[in-house]
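Okay, here's what each chain looks like letter by letter:
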Amino acid sequence: MLECRHCYIYDYGEKCTRNCRFCYVKALKPDPLDWQEPLRLAESIKLLKLKHCVITSVARDDVSDGGASFWAKTIRTIKELNPDTTMEVLIPDFNNNHELLQIVIDEKPEVISHNLETVERLSPK
């Protein structure tokens, strides 16, 4: 979905390793991470001349670091190709692993968020 000079982009696939009752994303075995995707994403942002982008993703519990290093590469690549573009990253919860969260924090995106789009009844943890 594109809107003005903002971009909402899904990162690292459309198949999720979880089966959250509130989510429409399919819970399937994900494809392997495509390490060229961060560059394609950064190039798309540049081509569209976006001033701000919001990037979100599915959970990747199948990857040892939950995708944290992939997020880091994505943020770093976007900043390298688009130094004037700000970004918000809507990251997975990394199963509450603070070390993995720190990998994303260290890349210094302007905003770090996590979707909280349900009620306790559907997601008691």
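Throughout what follows, the structure given in this document is the object of discussion. Along each chain, the written sequence defines residue order, and numbers are assigned to residues from 1. A pLDDT threshold of at least 70 governs which residues receive local features in this predicted model, and a stricter bar of 80 or more applies before side-chain atom pairs are shown or counted, although totals over entire chains, interfaces and linings include all residues. Side-chain figures throughout are based on the complete set of non-hydrogen atoms in the structure, without hydrogens or water.

## Focus: the side chain of Glu107
Link 1 in the chain: Mapped onto the fold, Glu107 is located in the loop between helix H3 (98-105) and strand E5 (111-113).
Link 2 in the chain: On the basis of relative accessibility, which here comes to 18%, the residue Glu107 falls in the buried class.
Link 3 in the chain: The contact definition used throughout considers only heavy atoms, calling two residues in contact when any of these lie within 4.5 Å. Beyond its immediate stretch of four places on either side in the chain, Glu107 contacts Ala72, Ile75, Arg76 and Lys79. Put simply, DSSP H or I for four residues or longer makes a helix, DSSP E for two residues or longer makes a strand, and each gets a number counted from the N terminus. Throughout, exposure labels follow a simple rule: accessible area from a 1.4 Å probe, protein chains only, divided by the maximum for the residue type, with under 20% read as buried, over 50% as exposed, and the rest as partly exposed.

## Notes on the packing of helix H1 (residues 37-47) against helix H2 (residues 68-81)
Link 1 in the chain: For helices, the axis comes from a line fit to the C-alpha atoms of the stretch in contact; other axes are also lines fit to C-alpha atoms, and the angle between any two N-to-C directions lies between 0 and 180 degrees. Orientation of H1 relative to H2, taken along the N-to-C sense of each, is 35°, at an axis distance of 8 Å. Once H1 is placed against H2, the crossing between them reads as right-handed. Contacts between H1 and H2 involve Glu37, Pro38, Leu39, Leu41, Ala42, Glu43, Ile45 and Lys46 on the former and, on the latter, Phe70, Lys73, Thr74, Thr77, Ile78 and Leu81.
Link 2 in the chain: For the contact of H1 with H2, the per-class residue count stands at eight nonpolar, two polar and four charged. Left-handed describes a crossing in which the near helix is turned anticlockwise from the far one by less than a right angle; the clockwise case is right-handed. Residue polarity follows a fixed list, in which Ala, Val, Leu, Ile, Met, Phe, Trp, Tyr, Cys and Pro are nonpolar, Asp, Glu, Lys and Arg are charged, and the others, Gly among them, are polar.

## Notes on unusual backbone geometry
Link 1 in the chain: Positive phi is not limited to glycine here, since Phe94 has a value of about 50°.
Link 2 in the chain: Secondary-structure assignment places Phe94 in the loop between strand E4 (86-90) and H3.
Link 3 in the chain: In the Ramachandran plot, Asn96 falls in the positive-phi region, its phi being about 65° despite a non-glycine side chain.
Link 4 in the chain: Taking the relative accessible area as the measure of exposure, Asn96 reaches 60% and is therefore exposed.

## Quick word on the pattern of salt bridges
Link 1 in the chain: Salt bridge, as used here, is a side-chain nitrogen of Lys or Arg placed within 4 Å of a carboxyl oxygen of Asp or Glu. One pass over the structure, following the stated rule, counts four salt bridges.
Link 2 in the chain: Asp34 is the partner of Arg40 in a salt bridge, and the nearest nitrogen-oxygen pair spans 2.5 Å.
Link 3 in the chain: In this structure Arg40 comes out as partly exposed when scored by relative accessible area, which is 41%.
Link 4 in the chain: Overall, the relative accessible area of 31% leaves Asp34 in the partly exposed class.
Link 5 in the chain: In this structure, Glu110 engages Lys79 in a salt bridge whose closest nitrogen and oxygen atoms are separated by 4.0 Å. Of this pair, Glu110 sits in the loop between H3 and E5 while Lys79 is found in helix H2, placing the two residues 31 residues apart along the sequence.
Link 6 in the chain: Accessibility expressed as a relative area gives 28% for Lys79, which makes it partly exposed.

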